[in-house]
Amino acid sequence: MDFIVSLLVRFAYFVEHSKKYRRSKEFCRTLLEHPTSKLKFYFDLFMVILVVLSVLFLLYEVKNPDLHPFMDFFINASLVVFITEYLLRLWIYSDSHKLFLERYEYALNNHASFSLFKTLHTIISKKIEYIISPLAIIDLLAILPSYRPLRFLRIFLLFRIFKLFRYARSMKTFTTIISEKKFELFTLAIFAGFVIFTGSSAIYIFETNVNPKINTLFDAIYWSIVTMGTVGYGDIVPVTKEGMVISMILIIFGVAILAFLTSIIVSSFQTKLQELKSSRTLADIERLKSYILVCGYGRVGEVVAKMLHDDGYAVVIIDIDAEKIKLANQRGMIGILGDASKSKLLGQLGVGKRASKVICVTNSDEMNVFITMTARSLSKEIDIIARVVKSYHKKKYMLAGANFALSADETIGLMGSQYIDQPISYAALDDMLTETTGVLFESLKIYEKSIYINKTIATLELREKRLLLFGVVREEVEPTALLTYAIDDKIFYFNPPGDFVIHKDDTLIIMGKRHHINLLKKHSDKRAPK
Amino acid sequence: MKTEKILIFGFTKSAIEISSQLKAKGYNFTLIDNDASLLPQAEKLGFNLKILDYTDDILLEEGIGENVNFIFTLFDDDAKNVFLILSVKALDPSLHVIAITHTKDAIHKLEIAGASTILDPYQISGKKIYKLITQPDVMNVIDATVFGYHDLNMEQITITENSPLNHHMINDIYPNEAYNFLLVGIHDKELKKEFIFITEGFNHKLDAGDILVVIGQTEEILRYKKDFSL
C-alpha cells in the first residue's frame, strides 16, 4: 500500500510542477469557462453551430434513415467533439492532484495517518459532483443515445438543444432567474397542483358517467389543465351545470396563476437585467485594446470624458450613481456602475494593462486619494491624474502616487489674478489651452526616421506653414548661450534661433491650427533618405 | 503697490487663492463677506475681511465706493452670485464683474445678470486634465514656464500714439532678431474683433490702442517697450 501511496505522491508532485500540464489546463479553462475570453466566445459560437446542425441532421434522419455519408460523418464528428468537451469539463472541474497533495501534506504536517481511500473518495466525490450537475447531465444525455445499445434513448438527443444553455449567456441568465425564484415558483406550483387536482377530481365525479369524453382520471386532468391554461381546445367540454361551474372557477384561477407566474419571472428579470448589462459591458471593455479610465462622472468628469471621446479616445467611466452611468451610456461612452476604489473592480477592468491612464475626478478628496492609491497599487507604470477638491490636500495625492494633481481653486486663483493683470493675454492663452478658436499648442516628437533630424529650424519654414515655434524640449543637457529652462530632467529651449539644429528625440512645442500642425507632423514622418 | 481697485465678494476657497495671487503680485484688494463667523479664519490666513450686508443696496453702494476696476463674486452659492451681480449692475452698469459658477445651469443666468467674465472651475479642471492626457509635454512646458516659477511670461503690449511702431505693418516689425520674444497675436482696438493669432497670417497695420500679446522674459519685454516708447 505504501508503495502505491508513494507512487501517487510522486505522480501528484510531478503534475504539480509540470508547466505543460498547468498551461494545458489553464488553456482549457480559458476556452471553456473564462467569461470574458475571446477564445471562449469563438468556441461557444462554434458549439452553437455544431449543436444546431447536428440536431437538424438528426431531425432529417427521422424520415430519411439512409443519411448522406457526409451527414453521417458530421454527426459522428460532432459526437467526438461533444465527448471530448464533456471529458475536458470533467477534467477542469477540480484539481485532483492538488486535493491529493493537500490531504497528504496535512497528514504529514500533523503527524496523522494518511488514508488513501478517504482521499480517493474525496477526489471521486468531487468529480461525481460535476457529473450530477444539471448541465453535465444534459451533456451526457446528448451523447449517450448515440451509443447503439442505448438507441431507445433517441428522444434524449433533443437534449443537444439544451446544450445551447451552456453557450448563450442570456439563456444562462434565464436558468439563473428560475433557480433564484425557486421558492416562489415552488409555492405557486403547489397551489396550481392543488387547483388542478381539485378541478379534475370534481369534473371526474360529476361527469364520468354523463360525459362520453371523460372516461378516466387522466381525461379529467387533461381537461382541467387545458381549461386552466385558457387554451380551451374544445375536444372535451362539460355537459352538466356543475361541470360548467367548475370550468368557470378553473378559468379564473388559471388566469390568476398565470399572472402570478408572469409577474415573478418579470420582476426577477428586471433585477437581473442590470447584472446582465454589467457583464456585457465588461465584455465590451475586454475587447478594447487601450482606454482611459475616468472615475467619477460629475461636471469635471463630464468635460474630460466628452473631450477625450470627441477626440476618438476609448473612454470607460465608473460612477456609483446609476443615473450618471445612464447618461454616459446615452452619450455613447462605456459606463460601469461601481465603486472605483475597489481593487477587484479596477483589476477586472485591466488597470495597468489595457487602461493606461486613470483620471480620478470624483467630488471627494478622500475618494480620489483612495482611488489613486488603489490604481497605483495595481500598477507602477500607469498614469494617474487626479482632481484636488481642496487645494491643501494636494500633497496627499502625490504621496498616494498620482502623476498629476490638479486643484481647480489654484487654477482659478492663477487665472483670476492673470485676468486682472493681462485680460487679453489671459483670453489668448485660455483660447489656446481650451482650443476654442482652433489655435492650439501641440508637441511634435522627432522620431528616429524624421526627416527633420540634423536640419535647422529655419529649414522647417514654420512661418510659411502658418506655425509658431514656442520652443524645443531636449533630453540631453549641453552648454548653450540660448535662453533655456530646466523642466524635470530635460531642457526647454525657448524661441530657438533659425540656425538651431534639431536632434533625434527632441520635442517641438508648436502653436497653430490643428490641420497645419498635422501637415507638419505628416511631413516629419516621411522616411528619411538613407 | 498697483493702483487698481479690486473688490472680492465671498470669502471662499477660490477667493483665498485669487487673493493670495493678487497679494503676491502687489495688488490692493478688499475682501467682503456678510458672514461674520469667517473673520477668525480670515485673520488666521492674514487677510483683512470686511463684513457687509451686500443685500442692502445702500450699504453695498457705500461699500463699493468709487473708481472700482474689478469686482469678483466668488460665493459658493450661484444664487448669491447672480443676486450680487444684479445689485452691482443696478448701481453702475459699467462695472466689470468676474463671477464664479458652480453649476452648468447658472452660467447663462450669470451672463444675463451681466457678468463680464465667468470662471467655471469644473470646465477649467476638465479641460486641463484633457490637455494633460493628450498633450502632457505641452502642459509640462506651459505649466513650468508661463504659469510656473520661471521668468517666462505672457504679456500684453499696448501700442501708444507716440510709439515708432504706430502705423507700421506687423510683418515689418516682427520677427525682430534683436529681441528674444514670441508674438502670439494682436487685439485690434478699432475692429473690436476677436483676438487675431499671428499664425492666421494677416499682415495687420498697427494703430494706437492695438494690443500685442507676447511671450518672453519680463526684462526682455520691458527692454522692447522702452526702446519703442510703449
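Asker: So, the overall build of chain A: which residues are in play, and what are the values?
Answerer: Broken down by element type, chain A carries 21 helices and 11 strands. The C-alpha radius of gyration computed for chain A amounts to 36 Å, which surpasses the reference 24 Å derived for 530 residues by more than 25%, pointing to a less compact arrangement than a globule. With respect to the principal axes defined by its C-alpha atoms, chain A has extents near 115 × 75 × 60 Å. The burial tally for chain A puts 43% of its 530 residues in the buried class. As displayed, chain A offers around 29,400 Å² of accessible surface, 64% of which is attributable to carbon and sulfur atoms. If the 66 positive side-chain charges of chain A are averaged to one point and the 53 negative ones to another, these points end up 5 Å apart.

Asker: Residue-level account of the layout of surface pockets, with values.
Answerer: The volume enclosed by the second largest pocket comes to roughly 900 Å³. When contributions to the lining of the second largest pocket are tallied by element, the ones reaching two or more residues are β8 (467-474) of chain A together with β8 (181-187) of chain B. Within the lining of the second largest pocket, the residues separate by chemical class into 20 nonpolar, seven polar and five charged.

Asker: Any details on helix α6 (residues 121-134) of chain B? Residues and values, ideally.
Answerer: When the terminal C-alpha atoms of α6(B) are compared, their 20 Å separation across 14 residues agrees well with the 20 Å that a helix rising 1.5 Å per residue should span. Of all 14 residues in α6(B), 13 are buried, a share of seventy percent or more.

Asker: Quick one: what's the story with the sheet that holds strand β6 (residues 404-407) of chain A, residue by residue and with numbers?
Answerer: Residues and elements named next belong to chain A. The strand order across the open sheet built from six strands is β3-β2-β1-β4-β5-β6, with neighbouring strands paired in parallel fashion. If you trace the sheet from one side to the other, it starts and ends with β3 (334-337) and β6, each paired once. Looking at each pair of strands side by side, their axes are set apart by 20 degrees on average, direction ignored. The strands touched by helix α17 (residues 365-378) within the sheet are β1 (291-295), β4 (355-360) and β5 (383-388), with β5 carrying the most contacts at an inclination of about 175 degrees.

Asker: Could you give an account of the interface of chain B and chain A, with specific residues and numbers?
Answerer: Between chain B and chain A, the contact holds 75 residues from the first and 75 residues from the second. Of the roughly 7,000 Å² buried between chain B and chain A, counting both surfaces, carbon and sulfur atoms make up 69%. Broken down residue by residue, the surface that chain B buries against chain A is led by B:Y130, B:I133 and B:T199, which jointly contribute 11%. Our enumeration of links across chain B and chain A arrives at four salt bridges. Counting across the chain B and chain A interface gives 12 residue pairs in polar contact (both at pLDDT 80 or more). Element by element, the count of residues in the side of chain B that touches chain A is highest for α6(B), at 14 residues.

Asker: Go over a nonpolar patch on the surface with me, naming the residues and quoting the values.
Answerer: Residue and element names in this part refer to chain A. There is a patch of nonpolar side chains on the surface, built from F41, Y42, L45, I49, V52, L53, L56, L59, V62, L158 and I161 and spanning about 1,000 Å² of accessible area. Examining the composition of the nonpolar patch, we find that nine residues originate from one element, helix α3 (residues 38-63), more than from any other. You can see L45 is positioned in helix α3.

Asker: Talk me through the nonpolar core; I want residue IDs and the actual numbers.
Answerer: Most often, soluble globular proteins keep nonpolar side chains buried together rather than apart. A:F441, A:F470, A:F492 and B:I215 are the most contacted members of the largest nonpolar core, which totals 74 residues. Contact partners of B:I215, with chain neighbours within four places excluded, come to A:F441, A:F470, A:F494, B:V146, B:L152, B:N153, B:M154, B:F181, B:L182 and B:V184. Core analysis: the next-biggest nonpolar cluster, separate from the first, contains 26 residues, A:Y426, B:F11, B:F29 and B:F47 among them.

Asker: Describe unusual backbone geometry, listing the residues and the values that go with them.
Answerer: Residues and elements named next belong to chain A. One non-glycine residue, T230, lies in positive phi territory at about 55 degrees. Its place among the elements puts T230 in the loop between α12 (217-228) and α13 (241-287). Residue classification places T230 among the partly exposed residues on the basis of a relative accessible area of 45%. Positive phi, close to 65 degrees, is recorded for N454, a residue that is not glycine. Looking at the secondary structure, you find N454 in the loop between β7 (439-445) and β8.

Asker: Account for the domain arrangement of chain A, naming residues and giving values.
Answerer: Annotation of chain A at the domain level lists domain 1 (2-167), domain 2 (182-272), domain 3 (289-411) and domain 4 (438-524). For domain 1 of chain A versus domain 3 of chain A, the separation of C-alpha centres amounts to 43 Å.

Asker: For the pairing of strand β1 (residues 6-9) of chain B, give the residues involved together with the corresponding values.
Answerer: All names here are of chain B. Residue alternation in β1 divides its side chains into two sets, I6 and I8 and L7 and F9, and both sets are buried. Where β1 and strand β4 (residues 70-73) come together, four bridges link them in parallel fashion. Across the sheet, the residue bridging to F9 is T73, located in β4. After leaving β1, the chain enters helix α1 (residues 13-24) and then returns to the sheet as strand β2 (residues 29-33), a path that is right-handed.

Asker: I'd love a proper account of the pattern of salt bridges, names of residues and values included.
Answerer: Residue and element names in this part refer to chain A. Enumeration according to the criterion identifies 24 salt bridges over all chains in this entry. E302 is the partner of R331 in a salt bridge, and the nearest nitrogen-oxygen pair spans 3.5 Å. With R331 in the loop between α15 (322-330) and β3 and E302 in helix α14 (residues 299-310), this pair connects stretches of sequence that are 29 residues apart. A network of salt bridges, in which partner residues are shared, links K25, R29, D95 and K98.

Asker: I'd love a proper account of the domain arrangement of chain B, names of residues and values included.
Answerer: Once the domains are mapped, chain B shows domain 1 (6-124) and domain 2 (152-227). The C-alpha-based centres of domain 1 of chain B and domain 2 of chain B are spaced at 33 Å.

Asker: Kindly report on the pairing of β8(A), identifying the contributing residues and their values.
Answerer: Residue and element names in this part refer to chain A. Within β8, eight of the eight residues are buried, which leaves it mostly tucked inside the rest of the structure. In this structure, β8 lies alongside strand β11 (residues 507-513), joined through six bridges in antiparallel fashion. Considered in β11, the bridge of L467 is made with G512. Judged from the four bridges that link them, β8 and strand β10 (residues 490-494) form a sheet pairing that is antiparallel. Each residue of the ladder has a partner; that of V472, found in β10, is Y493.

Rules used throughout
Residues numbered from 1 in each chain as written. Chains lettered and ligands numbered in written order. Predicted model: local features only at pLDDT ≥ 70, side-chain atom pairs only at ≥ 80, totals over all residues. Heavy atoms only, no water. Helix = DSSP H or I, 4+ residues; strand = E, 2+ residues; numbered from the N terminus. Rg over C-alpha atoms; globule rule 2.2 N^0.38 Å. Buried < 20%, exposed > 50% of the residue type's maximum accessible area, 1.4 Å probe, protein only. Areas by Shrake-Rupley, 256 points an atom, 1.4 Å probe, with all protein chains shown as cover. Lys, Arg positive; Asp, Glu negative; His and termini not counted. Charge placed at Lys NZ, Arg CZ, Asp CG, Glu CD. 1 Å grid on protein atoms, 1.4 Å probe; cavity = no way out; pocket = protein on both sides within 12 Å on 5 of 7 lines; lining within 4 Å. Points joined across faces, edges and corners; volume = space filled by probe spheres on them. Nonpolar A, V, L, I, M, F, W, Y, C, P; charged D, E, K, R; others polar. Expected span 1.5 Å × (residues − 1). Pairing = 2+ DSSP bridges. Axes fitted to C-alpha atoms, helices over the stretch in contact; angles between N-to-C directions. Contact = heavy atoms within 4.5 Å. Buried area = accessible area lost by both parts, 1.4 Å probe. Salt bridge = Lys/Arg side-chain N within 4 Å of Asp/Glu carboxyl O. Polar contact = N/O pair within 3.5 Å; in protein donor to acceptor, adjacent residues only side chain to side chain. Patch = residues over 30% accessible without salt bridge, like charges linked within 9 Å, V, L, I, M, F, W, Y side chains within 5 Å. Core = buried A, V, L, I, M, F, W, Y, C linked by side-chain atoms within 4.5 Å. Domains from an automatic or database assignment. Right-handed = clockwise from strand over helix to strand, strands pointing away.

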